Amino acid sequence: MNLAALIVTGDQALADGLLRLAAAADAHAEVAYGADEARPAWTWPALILVGADMAADVAAAGLQRRPGVVLVTDSATAEAYRLAVEAGAQDVAALPDHEDWLINAFAAACEPEGGWATTLCVVGARGGAGASVLATALGLAAAGQGLRTLLLDADPFGGGVDLMLGLEEHEGVRWHDLAERRGRLSTATLRETLPRSGDLSVLSWRRGEPVPVSDEAVRALLDAAARGFDLVVADVPRYPGDIGRAALRSADVTFLLVPAEVRATVAADGLAAALRRDTADLRLVVQGPAPGGLTPDAVAQALDLPSAGAFDRDRRLPAATDEGDLERACRRGPLADFCAKTLADLALQPYAYREAA
């Protein structure tokens, strides 16, 4: 396990307290009980925590100046800031007041700077339009290309996207488990605890009545998802609620799926106006066939939306959805072709490549 943080102190109580905070952040930290003991590892970890008791020793040891050094003390006094400057620290953390800040610092230290995920939202113009299927198919296609992908179910009354993938019995975290989450969420923990199939992780709902999810928990989740995945695909209901609205506001692109029908097009007109208030880039996806001959170009013109493409409904999908076998059904067909083209247009890069860049 990579060393995320080095703690430099001769105070055992302080060392134990900081190790406890590191454990809360799922970060690997080690203790050096003096400046000379810290020297070999001084340049490795992203975070160095120097106890006030060791500030003078660190300053005298002539250790290399570097970012990510924090002086830890029991009071943020003028003397503490003077010691921080001498020891080459950029920040001062006073315990116990700054425990949450330190947990966030530990969590950030154990994560590589790999860039940010692309976030897509999918919204259906009417009930039964197939937005959940499209969102799941995009997630499957991305994972099939080696992209770390999170399929996020923002509809507490949608029945659960995990059912379409046969993951409903898999152990793992659901929205209920994150409902009161506070502070930064580790991306490694998120990836390891969510139900998944290959490179596709799924965050859905437990059966039964949904629980309210705090705004802070939603922000923590979306932040962790953006840091830890290549692509986030959110299945957002027409009445988005707090989770759906947060996803829309973080989205790089939102797809409005409209069946090639007059009534669905009229419904999409009002919905598009509402979506534009929360998402910056709204694009139209038309699903055929059209019972009355309505063309994708006519739908795009009526809605005044840029087109992301069109595909015909696949008659195999309803049964595959019921059987939890959507993954197999999405390997070929018009929906698979549409997803492949969409991902090619987005030109996404795998996480490992972004880390090395």
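Residues numbered from 1 in each chain as written. Predicted model: local features only at pLDDT ≥ 70, side-chain atom pairs only at ≥ 80, totals over all residues. Heavy atoms only, no water.

(A) Molecular detail of the pairing of strand β5 (residues 91–94). Of the strand pairs in this sheet, strand β4 (residues 69–73) and β5 are connected by four bridges, and their pairing is parallel. Bridging across to β5, V70 finds its partner in D91. Read from β4 through helix α4 (residues 78–87) to β5, the crossover connection turns out right-handed. (Pairing = 2+ DSSP bridges. Helix = DSSP H or I, 4+ residues; strand = E, 2+ residues; numbered from the N terminus. Right-handed = clockwise from strand over helix to strand, strands pointing away.)

(B) Here's a closer look at the pattern of salt bridges. Evaluation of the coordinates by the stated rule reveals 15 salt bridges. Residue R249 is joined to D278 by a salt bridge in which the shortest nitrogen-to-oxygen separation is 3.0 Å. With R249 in helix α10 (residues 241–250) and D278 in the loop between α11 (262–275) and β12 (282–288), this residue pair connects regions lying 29 residues apart in the sequence. In this structure, the salt-bridge partner of R283 is D281, at a minimum N-O distance of 2.8 Å. Bridged by salt links that share partners, the residues E79, R82 and E86 form one connected network. (Salt bridge = Lys/Arg side-chain N within 4 Å of Asp/Glu carboxyl O.)

(C) Local environment of the packing of aromatic side chains. Evaluation of the coordinates by the stated rule reveals two aromatic pairs. Summarising the aromatic geometry, the rings of F311 and F338 are spaced 5.3 Å apart at their centres and angled 40° between planes, so their arrangement reads as tilted. Within this pair, whereas F311 is found in strand β13 (residues 307–312), its partner F338 is found in helix α15 (residues 334–346), the two being separated by 27 residues in sequence. Classification of F338 as buried rests on a relative accessible area of 6%. (Phe/Tyr/Trp six-rings, centres within 6.5 Å; stacked < 30°, edge-to-face > 60°. Buried < 20%, exposed > 50% of the residue type's maximum accessible area, 1.4 Å probe, protein only.)

(D) Highlighting the state of the cysteines. Tallied over the full model, the rule gives zero disulfides. In this model C121 remains outside any disulfide bridge; the closest cysteine sulfur is found in C339, 15 Å from its own. Residue C339 stays outside any disulfide, its sulfur separated by 6.8 Å from that of C330, the closest cysteine. (Disulfide = S-S within 2.5 Å.)

(E) Expanded view of the nonpolar core. Counting 47 residues, the largest nonpolar core has L152, W175, L221, L256 and V258 as its most contacted members. The biggest single contributor to this core is helix α9 (residues 215–228), with seven residues. Not counting chain neighbours up to four residues away, the residues in contact with L221 comprise L152, W175, L178, L185, L190 and L203. Counting 37 residues, the second largest nonpolar core, distinct from the first, contains A142, L200, L231 and L326. (Core = buried A, V, L, I, M, F, W, Y, C linked by side-chain atoms within 4.5 Å. Contact = heavy atoms within 4.5 Å.)

(F) Main features of the sheet that holds strand β1 (residues 5–8). Strand order across the open sheet formed by five strands is β2-β1-β3-β4-β5, with parallel pairing between neighbours. Of all strands in the sheet, those bounded by a partner on one side alone are β2 (29–32) and β5. For this sheet, the mean inter-axis angle between neighbouring strands, taken without regard to orientation, is 25°. Relative to β2, β1 runs parallel, the two being bridged by four bridges. By the bridge assignment, I7 is partnered in β2 with V31. Taken strand by strand, helix α5 (residues 99–109) contacts β1, β2, β3 (47–51), β4 and β5, and its axis lies near 145° from that of β3. (Axes fitted to C-alpha atoms, helices over the stretch in contact; angles between N-to-C directions.)

(G) Layout of the pairing of β1. Here β1 shows no split at all, with A5 and I7 on one side and L6 and V8 on the other all buried. In this region the chain leaves β1, passes through helix α1 (residues 12–24) and returns to the parallel neighbour β2; the handedness of that crossover is right-handed.

(H) Representation of the sheet that holds strand β7 (residues 149–153) within the structure. The eight strands lie next to each other as β8-β9-β7-β10-β6-β11-β12-β13, forming an open sheet whose pairing is mixed. Strand pairing shows two members of the sheet lacking a second neighbour, β8 (196–197) and β13, which therefore form its edges. Against the sheet, helix α6 (residues 131–144) touches β6 (118–124), β7, β9 (200–203), β10 (231–235), β11 (253–259), β12 and β13, its axis set at about 165° to β10.

(I) Structural context of the confidence of the model for the protein chain. Per-residue pLDDT for the protein chain averages 90, and the proportion of residues at 70 or more is 96%. When the criterion is pLDDT under 50, residues 352–357 qualifies, and its contacts beyond four places in sequence or with other chains add up to nine contacts. (pLDDT = per-residue confidence, 0-100.)

(J) Looking closely at the environment of T149. Examined against the element boundaries, T149 turns out to sit in strand β7. Judged by its relative accessible area of 0%, T149 is buried. Sequence spacing of T149 and A272 is 123 residues, and the spatial spacing of their C-alpha atoms is 26 Å. Aside from chain neighbours lying at most four places away, what touches T149 is G139, A142, A143, D199, L200, S201, F229, L231 and V233. Reaching out from T149, the side chain makes a polar contact with the backbone oxygen of L147 at a distance of 3.0 Å. (Polar contact = N/O pair within 3.5 Å; in protein donor to acceptor, adjacent residues only side chain to side chain.)

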